[in-house]
Amino acid sequence: AKKAAKAGIRVEVDRGNERLAKQIRNAEKGRIPIMAVVGMKEMESDTLAVRSRKLGDLGSFTVDGLIDELSRCIDEADEMTVMGEKEDVVVEEE
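Novice: I'd love a proper account of unusual backbone geometry, names of residues and values included.
Specialist: We note that Arg31 has phi near 60°; this positive angle belongs to a residue other than glycine. With respect to the secondary-structure elements, Arg31 resides in the loop between α2 (20-29) and β1 (34-37). In the Ramachandran plot, Asp46 falls in the positive-phi region, its phi being about 55° despite a non-glycine side chain. Residue class for Asp46 comes out exposed when judged on its relative accessible area of 61%.

Listed below in structure tokens is the structure:
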């Protein structure tokens with residue numbers, strides 16, 4: 001959280017006693033656009049499970065990787081998509 005705040009990213013840590021599913025639901029109700037979930041699996045692998053309010057699961061990121069991707073999205077006014085990559089839109093001509 002401190003690294004993200006230093007990079008100019010607003011961060012809120014929910015250390016509540018609710019079940020994880022309820023914490024995720026509360027974040028979605030609170031219109032939190034991106035949330036990083038840290039459980040035992042993530043602590044063991046030094047990663048964050050990242051979820052988007054709009055798109056759902058975005059995959060796993062390292063802390064530095066997520067901060068870089070969020071900073072890029074902020075700088076480019078772009079929406080974060082799956083695994084930090086922009087989805088290519090293909091237009092087929094008829």
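There's more to say after this.
Novice: Tell me about the side chain of Glu42, residues and numbers included.
Specialist: By the element assignment, Glu42 lies in helix α3 (residues 40-45). The side chain of Glu42 is buried and forms no salt bridge, while Lys41, the nearest opposite charge, is found at 5.4 Å. Apart from residues lying up to four places away in sequence, Glu42 is in contact with Val37, Thr47, Leu48 and Ala49.

Novice: A description of the confidence of the model for the chain should follow, citing residues and the corresponding values.
Specialist: The share of residues in the chain with pLDDT of 70 or more is 84%, and the mean pLDDT across the chain is 80. In this model, residues 84-94 is a region of pLDDT below 50 whose contacts with residues beyond four sequence positions or in other chains number nine contacts.

Basis of the calculations
Residues numbered from 1 in each chain as written. Predicted model: local features only at pLDDT ≥ 70, side-chain atom pairs only at ≥ 80, totals over all residues. Heavy atoms only, no water. Helix = DSSP H or I, 4+ residues; strand = E, 2+ residues; numbered from the N terminus. Buried < 20%, exposed > 50% of the residue type's maximum accessible area, 1.4 Å probe, protein only. Lys, Arg positive; Asp, Glu negative; His and termini not counted. Salt bridge = Lys/Arg side-chain N within 4 Å of Asp/Glu carboxyl O. Contact = heavy atoms within 4.5 Å. pLDDT = per-residue confidence, 0-100.

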